[in-house]
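Fold and geometry: a report
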Amino acid sequence: MMKKIVKVPTLETERFILRMWTKKDAPDLYDYARDPDVGPHAGWKPHDSVSESKLIIENLFRQNMTWAIVDKDTGRVIGSIGLEPDKYRPEINSREMGYSLAKAHWKKGIMTEAARRVIRFAFDELKLEVLMIRTSETNIRSQRVIEKCGFTYEGTLRRAYRLYNNEIREVRCYSMLREEYEKLYLD
């Protein structure tokens, strides 16, 4: 059976290109996804090989609305950001945003810059009513990105997420409504 590839438009920020993933990006993905400080914060295990990273690109990233975050200066992929269906609002035009970033690039405003661009795409192009995002109680860096982007904290779901290692975590839920987006981003 042929896998359906979701084509994502190329987006640009001041410092980054957000584009479709290709198989050739597997070494860059592996380079940051093998770090035990990256994946587990988002709920996935560190990658074991370039081959595993290639499978993730083919079976997850290219089959969903996921962009590679490419540094304009180096041409290297340093992270990912995506929009997937919002399983909590199936009857609403809503998506859930998720992301990951190479540890060497933390604390530089990169994810906030990329997320703001994807937020604009979500509301302007996809015409979303709601954009949501979740993170763990312990992922303070992600919480800061979420707050800088203007999301509203909705609450914490207890024992809501099972990790790759069977650990169960709470998740903090945030959302942005269309009218909040318009006030924050279009005024």
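Up top you'll find the structure we're talking about.
Residues numbered from 1 in each chain as written. Predicted model: local features only at pLDDT ≥ 70, side-chain atom pairs only at ≥ 80, totals over all residues. Heavy atoms only, no water.

Concerning the packing of helix 1 (residues 26-33) against helix 3 (residues 50-59)
We apply this condition: Lines fitted to C-alpha atoms define the axes here, with helix axes fitted over just the stretch in contact, and angles between the N-to-C directions of these axes take values from 0 to 180 degrees. By the criteria applied, helices consist of DSSP H or I runs no shorter than four residues and strands consist of E runs no shorter than two, each listed in order from the N terminus. Here the word oblique covers every angle except those under 35 degrees (roughly parallel), over 145 (roughly antiparallel) and from 65 to 115 (roughly perpendicular). By definition, residues are in contact when any of their heavy atoms lie within 4.5 Å. When residue character is reported, Ala, Val, Leu, Ile, Met, Phe, Trp, Tyr, Cys and Pro are called nonpolar, Asp, Glu, Lys and Arg charged, and the others, Gly included, polar.
At a closest axis distance of 8 Å, the pairing of helix 1 and helix 3 adopts a crossing angle of 110 degrees. Of the possible angle classes, the one that applies to helix 1 and helix 3 is roughly perpendicular. Residue-level inspection shows A26, P27, L29 and Y30 of helix 1 in contact with helix 3, the latter providing V50, S53, K54, I56 and I57. Classifying every residue of the contact of helix 1 with helix 3 gives seven nonpolar, one polar and one charged.

Here we look at the pattern of salt bridges
For the record, the criterion: Here, a salt bridge means any Lys or Arg side-chain nitrogen found within 4 Å of an Asp or Glu carboxyl oxygen. Categorising residues by exposure relies on relative accessible area from a 1.4 Å probe, with only protein chains included: less than 20% of the type maximum marks a residue as buried, more than 50% marks it as exposed, and the intermediate range marks it as partly exposed.
Evaluation of the coordinates by the stated rule reveals 16 salt bridges. R76 is paired through a salt bridge with D28; the nearest N and O atoms lie 3.0 Å apart. With R76 in the loop between strand 3 (65-71) and strand 4 (77-85) and D28 in helix 1, this residue pair connects regions lying 48 residues apart in the sequence. The exposure class of R76 is partly exposed, given its relative accessible area of 36%. Accessibility expressed as a relative area gives 16% for D28, which makes it buried. The partner of E52 in a salt bridge is K45, and the shortest N-O contact between them spans 2.9 Å. Judged by its relative accessible area of 30%, K45 is partly exposed. Connected through salt bridges with shared partners, the residues D28, D31, R34 and R76 form a single ionic network.

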